Amino acid sequence: MTTEIQSKNTQIQKYVDLLKNPEKGPKKKRALARLITFIENGGPEAAKEIIPQLYPLTGKAHIIGITGAPGSGKSTLTSEISNHYLEQGLTVSVIAVDPTSPFTGGAILGDRIRMKKNFTNPNFFIRSMANRGQLGGLAMATKDVIHIIDAYGSDIIIVETVGVGQSEIDIFKSAHTTLVITPPGLGDEIQAIKAGLMEITDIFVVNKMDRDGADKRVAELETMLDFGENIQIENDYSQAKVVRCDGWRPPVIKTNGLTGENVPILLENIHRHFIFLEETGFKKKRLQFRYKHYIIEILKYFLVKNVEEIVFSNEKINEFIEKLLAYEQGSDPYTISEAILEVFLNRYFS
Amino acid sequence: MDRKIRLIVAKPGLDGHDRGAKVISRGLRDAGFEVIYTGLHQTPEDIVQSVIQEDPDALLLSILSGAHPVLLPEIMKQLKANEIDDILVLGGGIIPEEDFPALKEVGVEAVFGPGTKIQEIADFIRANLKR
Amino acid sequence: MKILTETNTKKLDHTILAETERWIESVVKKSLQRVPERKKRFKTLSDIPIKALYNPNDIPNWDYLKDMGFPGEYPFLRGAQPTSYRARLWTMRMFAGMGTAKETNERFKYLIKNGQTGLSTAFHLPTLYGYESGSPMSAGEIGKEGVAIDTLADMEALYDGIDLGKISTSMTINAPASILLAMYIAVGEKQGVPMDKLTGTTQNDILKEYQAQKSYIYPPEPSMRLIVDTIEFCTKHVPKWNTISISGYHIREAGSTAVQELAFTLGNGLAYVEAGIARGLDVDDFAPRLSFFFNAHNNFFEEIAKYRAARRIWARHMKEVYHAKDPRSWRLRFHTQTAGVALTAQEPYNNIIRVTMQALAAVLGGTQSLHTNSFDEALALPSEEAVKIALRTQQVIAHETGVADTIDPLGGSYFVEWLTDKMEEETEAYFAKIKEFGKGSMLEGAYVGIRNNFYQREIANASYQYQKEIESKEQIQVCVNAFKVEDVSNKKPDLLKITEEVGVQQVESLAEVKRTRDATKAQACLDMIREKAQTKENLMPYILDAVKAYCSIGEIVDVFRDVFGVYREESIF
């Protein structure tokens, strides 16, 4: 077992070294892909070996989140957006997340088909990922993967998901700019936006603008935004406060992903948003927020792991457990847990 | 829990007969695999690029046009050139038995013809992973 | 005409009803106690449940004259021709094409010598996609799934020594159909056969390519423009040409059910009719030249019911909805090919029997022409020996069994009539859906259905369902999931092999044509096509000029790719 881990770590080291090499090429791309696989399969244990080495190379990419229901045309639009950046000579990477079947645990990942135009371009990288259920730590894995791609030297990173469930919405806490795509004609979708996506959206895109109802959809969104502007968000801990920054009203843009119509306007707005974040200092605020979340997730993982290990194998814990069995005032599971937590926190923060 | 196995199902060449590839993709999804379907009309370069980026455990190639003696060795050659030797490569479609040895020679581990049960393919993949 | 809503006012025969009940209660149930039925549920491949027995109550309000009528007359249920096979047998038309034009020419001559009565040309994939043989996209594909055709020089070799004034030729070509038709016209001209004497068919059915077979090039709308160009041109200049062979074959091969094959094919047919009318053509000027192409699969009676229903549905829609006046516009004629997907690689000789049954269904369904698959096609392209057996199968059915001696021999069978009605009903339900997509238009509905992946999803679901039934043995395939033996003595057939040498030859001969042609003239023709493609003018005359100047299919298609763009399919599962 240990030799297996050792050999895995040797492999990881080989690919990390390749990735650090400033020269681009198929080998570096493969190293990127291999490292992503290690993260996908090994989770934080693998990330712990990789991220610390690559972290100094990160912080350069513009991260764009794109979400929309199946059929909204988000993959085609992602492909169009990528084209434009590639034409400017930038390096573009896409993480395309598709749902895992809750019944079989399998998934079909079909986003490459729409990226066909680009995927042999040396400046383009696309990776398909299954969300592996909502419990699979997708958001955390995605954050790790974004960091690796950032270190690889991608100017633009696009994360694309159907945006179902909290775990997928959490992904967008990693993005600088989040696009929510809503084509006309899907009746109940406005409700879905109200329910969760409204507060993380920086730009609304009404794709498939050639269809009936596109203008109506734009009007609906504008009305919703008029209404939303007056809402005071109380909870300081909420994502909304950080994302719904003063002075930025999410623009609503009509596009046609198939023909590329209006995609330049969309890109302008993405750029405008990026400048806005920089100039107003919101970028830093968001980064702080993002890393808090990242840290919370990492802490959760390692604390749980450590706590489990300690509770089950450390002799000292038995003293606390003994107290429980006395069934006395102050020896209940909550008080005891609090006491244990006290010990932990003292160890780490005092 | 077993780790997830990622597969690419690709159709090299011009033939548009994607019924088999799609049925297999669905069947393998239902058997718990993560299947990356890359669509029709893939050149060897397209396929190798997909392999580089997706880093799958196995690559399944479906051809019904008879172009396999040219396209499959070309794909294997390009994989080798990129130092990719730890993925399982399988063929499917209409490939005569007499061509199997030559394909095996270049690294196509097995060929599954018409009438193969999806379960057989799933079992074969699980038993023959290279990493 | 069968009016489907009449089922509400069914006039059932109560004596038969009571007697059936008695028979079930007192006879059948007793028998079942001793020997139960061998399946929980009997059904067709389209999942239509099948009862143990049918009687007159299953076709209530049956009106012979109205619902069935006579062969060659509205509603054509019983047959397209008044005399059917008593006057003229179906055309035995074997699909052939492999290697170079010269090799396929030899196969054509072999088939004619053995009694084949029409030609059918299979082109290799690069031709179907409009790539030159030298293109990187053509690597490994040259001459493999059909004959390699790049320029008129190849077409001349393909039909060398075959009098195009005497034989009819079918060409399986879709996206570049107008170019191949132009080449055929040019070969005829060189032989001294004027274009108004040419007979044959171009498949030219692009809708089913997006839906099922996937050899599309351009987006649907410009593809449709090219098709309507050929319809318009042929109506004026090549009046005996079947401009489109609206094909269910490939829809079925892609995994659809029989009902879907029927519904999508006829729906596409109606879409072409609308496209022709939209161009300003009179429906009766072009509709008589539309022909159909169906699959013959395993479920015997369902296939027969499908062909019969097809004729009645088409007749009704053409007459009632599109107001065609000419009975020839109402009359559906079709070619049939036995199901390639039904062939097995295991014990391939058993395929001879499968093909025989499928061919028989096509004949009993009244097909106008027939291709029987060769038993070795689950393994490779057919060998000469295998093709001969397939042709002999047709000859035995035609001349030894007597099934061709009376018209529509199964007409009037309670079961067959019920099943025919049932398929018609389900087809109408699909039509309603497609029309809803298109807000009343079948043409728009087809476009929307394609872009929404409606057809693709229906077909993919059906094929997955079928695979699951095979794996669970709900459907038996002999020697695939039942009666399997490891029999090494089973003789392996000798397979046809196309060598890579063919590719080298073809690339060389294309280079030779380009060297010897008038380069300035060829370029001028291509420039003209580019210019005219951007207008609404009919492109056929310009394509004809270009092929005569020995422009390659790849060169012409590249111009269209530039002007029209290329179509990309979205994934669907």
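Treat the numbers as computed from the prediction; the structure is a model and nothing was measured.

(A) The arrangement of the overall build of chain B in detail. Across its full length, chain B carries 5 helices and 5 strands. The secondary structure elements of chain B, listed N-terminal to C-terminal, are β-α-β-α-β-α-β-α-β-α. On C-alpha atoms alone, chain B measures out to a radius of gyration of 13 Å, which is about the 14 Å that the 2.2 N^0.38 rule sets for 131 residues. In terms of overall dimensions, chain B has C-alpha extents of about 40 × 35 × 25 Å along its principal axes. Among the 131 residues that make up chain B, the fraction classed as buried is 65%. Partitioning the contacts of chain B with sequence separation of at least 6, the portion at a separation of at least 24 is 74%. Total accessible area on chain B stands at roughly 4500 Å², and carbon and sulfur atoms take up 52% of it. Where the 15 positive side-chain charges of chain B centre and where its 21 negative ones centre are 6 Å apart.

(B) Examining the sheet that holds strand β1 (residues 6-10) of chain B more closely. Pairing is parallel across the open sheet formed by 6 strands, whose spatial order is β3(A)-β2(B)-β1(B)-β3(B)-β4(B)-β5(B). The open sheet is flanked by β3 (107-109) of chain A together with β5 (110-112) of chain B, the only strands paired with a single partner. Strand-to-strand twist in this sheet, taken as the mean axis angle between neighbours without regard to direction, amounts to 25°. Where strand β4 (residues 88-93) of chain B meets β5(B), 3 bridges bridge the pair, whose relative direction is parallel.

(C) Fine view of the interface of chain C and chain A. Tallying the contact residues gives 7 residues for chain C and 8 residues for chain A. For the pair chain C and chain A, the number of links is 1 salt bridge. The partner of K439(C) in a salt bridge is D212(A), and the shortest N-O contact between them spans 2.8 Å. At the surface where chain C touches chain A, the tally comes to 2 residue pairs in polar contact (both at pLDDT 80 or more). Here the residues of the side of chain C that touches chain A sort into 1 nonpolar, 2 polar and 4 charged.

(D) Looking closely at the nonpolar core. With 150 residues, the main nonpolar core has I149(C), M155(C), Y159(C), L266(C), M318(C) and F560(C) as its most contacted residues. Broken down by element, this core gets its largest block of residues, 11 residues, from helix α10 (residues 258-278) of chain C. Beyond its immediate chain neighbours, meaning those up to four positions away, L266(C) contacts F292(C), F294(C), A310(C), I313(C), W314(C), L332(C) and F431(C). In terms of nonpolar packing, the next biggest core, distinct from the first, is built from 34 residues, F38(A), A61(A), M129(A) and I148(A) among them.

(E) Geometry of the confidence of the model for chain A. Residues and elements named next belong to chain A. Put simply, chain A has an average pLDDT of 84, and 86% of its residues get 70 or more. Of all the helices and strands in chain A, helix α8 (residues 239-243) carries the lowest mean pLDDT, 47, while strand β4 (residues 124-130) carries the highest, 95. This stretch, residues 230-243, has a pLDDT under 50; its non-local contacts, to residues over four places away or in other chains, come to 19 contacts.

(F) Region of the structure containing unusual backbone geometry. Residue and element names in this part refer to chain C. The omega torsion of the bond from Y74 to P75 falls at 0°, within 30 degrees of zero and hence cis. Mapped onto the elements, P75 comes out in the loop between α2 (64-68) and β1 (91-96). Although it is not a glycine, N204 adopts a positive phi angle of roughly 50°. Mapped onto the secondary structure, N204 falls in the loop between β4 (200-202) and α7 (207-213). Judged by relative accessible area, N204 falls into the buried class, the value being 3%. The backbone of D408 shows a phi angle near 45°, a positive value even though the residue is not glycine. Accessibility expressed as a relative area gives 5% for D408, which makes it buried.

(G) Representation of a nonpolar patch on the surface. Together, W23(C), I24(C), V27(C) and L53(C) make up an exposed nonpolar region whose accessible area comes to about 330 Å². Checked against the element boundaries, L53(C) lands in the loop between α1 (14-34) and α2.

(H) Structural detail: the packing of aromatic side chains. Here the structure, examined in full by the defined rule, presents 39 aromatic pairs over all chains. Between W248(A) and F276(A) the ring centres are 5.4 Å apart and the planes differ by 40°, which places this aromatic pair in the tilted class. Taken together, the positions of W248(A) in the loop between α8 and β8 (252-254) and F276(A) in helix α9 (residues 263-280) put the pair 28 residues apart, joining distant regions of the chain. The exposure class of W248(A) is buried, given its relative accessible area of 5%. Taking relative accessible area as the criterion, F276(A) reaches 13% and is therefore assigned buried. Ring plane angle 65° and centroid distance 6.1 Å describe the contact between F264(C) and F454(C), whose orientation is recorded as edge-to-face. Separated by 190 residues along the polypeptide, F264(C) in helix α10 and F454(C) in helix α18 (residues 454-471) bring together distant segments of the chain. Residue classification places F264(C) among the buried residues on the basis of a relative accessible area of 0%. Taking relative accessible area as the criterion, F454(C) reaches 9% and is therefore assigned buried. Residue placement shows K51(C) over the ring face of Y54(C); its charged tip is 5.2 Å from the ring centre.

(I) Summary view of the pattern of salt bridges. The final tally for this structure, using the stated rule, is 72 salt bridges over all chains. A salt bridge links R127(A) to E40(A), with the shortest nitrogen-to-oxygen separation between them at 3.4 Å. Taken as a pair, R127(A) in strand β4 and E40(A) in helix α2 (residues 26-54) lie far apart in primary sequence, 87 residues in all. Here the two residues R127(A) and E40(A) agree in accessibility, since each one is buried. Residues joined in a network through salt bridges with shared partners are R30(A), R34(A), R3(B), D55(B), D57(B), D86(B) and R131(B).

(J) Focus on the packing of α10(C) against helix α17 (residues 442-451) of chain C. Residue and element names in this part refer to chain C. Between α10 and α17, the least distance of the axes is 7 Å, while the angle of their chain directions is 120°. Judged by the angle between their axes, α10 and α17 are oblique. Our pair here, α10 against α17, has a crossing hand that is left-handed. Note on element contacts: α17 touches α10 through M442, L443 and A446, opposite G267, L270, A271, E274 and A275. Looking at the contact of α10 with α17 residue by residue, the classes come out as 6 nonpolar, 1 polar and 1 charged.

(K) Layout of the sheet that holds strand β6 (residues 177-181) of chain A. All names here are of chain A. Across the sheet, 7 strands lie side by side as β4-β2-β5-β1-β6-β7-β8; this open sheet has parallel pairing. Either end of the sheet is taken by a strand with one partner, and the two such strands are β4 and β8. In this sheet, neighbouring strand axes are inclined to one another by 20° on average, regardless of whether the strands run parallel or antiparallel. Judged from the 3 bridges that link them, β6 and strand β7 (residues 203-206) form a sheet pairing that is parallel. Looking across to β7, one finds that L179 is bridged to I203. Strand contacts of helix α3 (residues 74-87): β1 (62-68), β2 (92-98), β4, β5 (156-161), β6 and β7, with the helix running at about 175° to β5, the strand carrying the most contacts.

(L) Examining the interface of chain C and chain B more closely. Contact residues are listed per partner, giving 40 residues for chain C and 35 residues for chain B. The junction of chain C with chain B conceals about 3100 Å² of combined surface from both sides, 57% of it contributed by carbon and sulfur atoms. For the interface between chain C and chain B, the tally reads 3 salt bridges. Across the pair D99(B) and K497(C) runs a salt bridge whose closest N-O atoms are separated by 2.8 Å. If you look at where chain C meets chain B, you find 13 residue pairs in polar contact (both at pLDDT 80 or more).

Reading guide: rules and limits
- Residues numbered from 1 in each chain as written.
- Chains lettered and ligands numbered in written order.
- Predicted model: local features only at pLDDT ≥ 70, side-chain atom pairs only at ≥ 80, totals over all residues.
- Heavy atoms only, no water.
- Helix = DSSP H or I, 4+ residues; strand = E, 2+ residues; numbered from the N terminus.
- Rg over C-alpha atoms; globule rule 2.2 N^0.38 Å.
- Buried < 20%, exposed > 50% of the residue type's maximum accessible area, 1.4 Å probe, protein only.
- Contact = heavy atoms within 4.5 Å.
- Areas by Shrake-Rupley, 256 points an atom, 1.4 Å probe, with all protein chains shown as cover.
- Lys, Arg positive; Asp, Glu negative; His and termini not counted.
- Charge placed at Lys NZ, Arg CZ, Asp CG, Glu CD.
- Pairing = 2+ DSSP bridges.
- Axes fitted to C-alpha atoms, helices over the stretch in contact; angles between N-to-C directions.
- Salt bridge = Lys/Arg side-chain N within 4 Å of Asp/Glu carboxyl O.
- Polar contact = N/O pair within 3.5 Å; in protein donor to acceptor, adjacent residues only side chain to side chain.
- Nonpolar A, V, L, I, M, F, W, Y, C, P; charged D, E, K, R; others polar.
- Core = buried A, V, L, I, M, F, W, Y, C linked by side-chain atoms within 4.5 Å.
- pLDDT = per-residue confidence, 0-100.
- Patch = residues over 30% accessible without salt bridge, like charges linked within 9 Å, V, L, I, M, F, W, Y side chains within 5 Å.
- Phe/Tyr/Trp six-rings, centres within 6.5 Å; stacked < 30°, edge-to-face > 60°.
- Lys NZ or Arg CZ within 6 Å of the ring centre and 35° of its normal.
- Parallel < 35°, antiparallel > 145°, perpendicular 65-115°, else oblique.
- Left-handed = near helix turned anticlockwise from the far one by under 90°.
- Buried area = accessible area lost by both parts, 1.4 Å probe.

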